[in-house]
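Structure assessment
Chain by chain, the residues:
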Amino acid sequence: MKNLGILISGRGSNMESILKAIKKQKIPINPAIVISNKSNAKGLAIAKKMGVQTAVIDSSKYKGRRLQFDEEIISTLRKYNVTPTNGLVCLAGFMRIISPHFIKEYKNKILNIHPALLPAFPGLDAQKQAMEFGAKYSGCTVHFVDEGVDTGPIIIQGIVEIGNKDTEKTLTKKILIKEHEIYPKAVELFAKKKLSIKGRRVRISS
Ligand code: GAR
């Protein structure tokens, strides 16, 4: 069974949805470690309560030393046996751009969730971007992480409609509900070896 490392920065609701699904639906992956780059991330307490090991690597102590920060993350992942051959890394509201070195080392073994229908509205404040643009639909995307910002091969997307009465706040809430559906699903597909990548396309086998 593969080992899972989850990287968070805050609330950790996506992390929680993944951990719950692993337990409830018996997804064949071992939640080995949750790492936060912030010591006050709410998700840390949730992970502990669910019996998952946690670690804090405080990014504020690595100003201008991004590579060293990533090296510390990698060595912590390895410590818990989340290796490129034996592991999966999920970015779940991890608000840091990871280095090409990290991405290369864990090629096609890092997933991210983004609160928009990529390739629309990448980067920060995706829900605000969709509202301001006047999009009629938005949603969320789980994708493999590559060297770009939110550009990697897409695994699953969830769609929500943007109604007349929606605000950034209500849209964010609607999208989050979808996020909690599709991220555990993507982890399950990975764990069951149902994903293959050809160029930019991710094939899901049945
Ligand atoms: C989620 O909405 C996630 O899509 C977003 O941060 C939130 C984290 O919530 N991620 C990004 O915007 C990454 N670019 P959570 O901590 O409750 O999972």
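Structure shown above.
Below, the structure is looked at part by part. (Residues numbered from 1 in each chain as written. Predicted model: local features only at pLDDT ≥ 70, side-chain atom pairs only at ≥ 80, totals over all residues. Heavy atoms only, no water.)

1. Quick notes on the site of the ligand
Short version of the rule: The rule for a residue being near a molecule or strand is that one of its heavy atoms must lie within 4 Å of it. Whenever two N or O atoms come within 3.5 Å, that pair is a polar contact, provided that in protein one can donate a hydrogen and the other can accept it, and provided that, for residues adjacent in sequence, both atoms are side-chain atoms. Accessibility throughout is a Shrake-Rupley quantity obtained with a 1.4 Å probe, and a residue counts as covered only by protein chains that appear here. The way it works is that DSSP assigns letters per residue, a run of H or I at least four long becomes a helix, a run of E at least two long becomes a strand, and they are numbered from the N terminus.
Neighbouring residues of the ligand: R11, G12, S13, N14, G93, M95, I113, H114, P115, L176 and E179. One of the side-chain nitrogen or oxygen atoms of S13 is found 2.6 Å away from an oxygen atom of the ligand. Taking E179, its side chain carries an N or O atom lying 2.8 Å from an oxygen atom of the ligand. Burial of the ligand by the protein amounts to 87% of the accessible area it has alone, namely 450 Å². Listed by contribution, the elements that provide at least two residues to the shell around the ligand are α1 (13–24), β5 (110–114) and α6 (168–191).

2. What to know about the environment of K169
For K169, the location among the structural elements is in helix α6. Between the C-alpha atom of K169 and that of K128, which follows or precedes it by 41 residues, the distance is 8.9 Å.

3. Re the side chain of K2
Note the cut-off: The buried label applies to any residue whose accessible area, calculated with a 1.4 Å probe on protein chains only, is under 20% of its type's maximum; exposed applies above 50%, and partly exposed to all values in between. Charged residues are defined narrowly, with Lys and Arg counted positive, Asp and Glu counted negative, and His plus the chain ends left uncounted. One speaks of a salt bridge when a side-chain nitrogen belonging to Lys or Arg is within 4 Å of a carboxyl oxygen belonging to Asp or Glu. Residues count as neighbours in contact if any of their non-hydrogen atoms are within 4.5 Å of one another.
Inspection of the secondary structure puts K2 in strand β1 (residues 2–8). Although K2 is buried, it forms no salt bridge, and the closest oppositely charged side chain is E105 at an N-O distance of 15 Å. In terms of polar contacts, K2 uses its side chain to reach the backbone carbonyl oxygen of T85, at 3.1 Å. Other than its neighbours up to four places away in sequence, K2 contacts P28, I29, N30, T85, N86, G87 and F190.

4. Remarks on the sheet that holds β5
Our working definition: Whether two strands pair depends on DSSP finding at least two bridges between them. Geometry is summarised by axes, namely lines fitted to C-alpha atoms with helices restricted to the contacting stretch, and by angles between N-to-C directions that run from 0 to 180 degrees.
Spatially, β3-β2-β1-β4-β5-β6-β7 is the arrangement adopted by the 7 strands of the open sheet, whose pairing is mixed. Two strands bound the open sheet, and with one partner strand each, they are β3 (54–56) and β7 (154–161). Adjacent strand axes in the sheet meet at a mean angle of 20°, parallel and antiparallel pairs treated alike. Pairing of β1 with strand β2 (residues 29–36), which is carried by 7 bridges, proceeds in the parallel orientation.

5. Points about the pairing of strand β4 (residues 87–91)
The element β4 is largely enclosed, with a buried count of 5 among its 5 residues. Where burial is concerned, the two faces of β4 agree: the one with G87, V89 and L91 and the one with L88 and C90 are both buried. In this structure, β4 lies alongside β5, joined through 3 bridges in parallel fashion. By the bridge assignment, V89 is partnered in β5 with I110.

6. Thoughts on the pattern of salt bridges
Should the charged atoms of two oppositely charged side chains come close, the side chains can pair. Tallied over the entire structure, the rule returns 7 salt bridges. Between K174 and D166 there is a salt bridge; the shortest N-O distance is 2.6 Å. For K178, the salt bridge is made with E181, and the minimal N-O distance between the two is 3.6 Å. Here the residue K178 and the residue E181 both occupy positions in helix α6, the gap between them amounting to 3 residues, near one helical turn.

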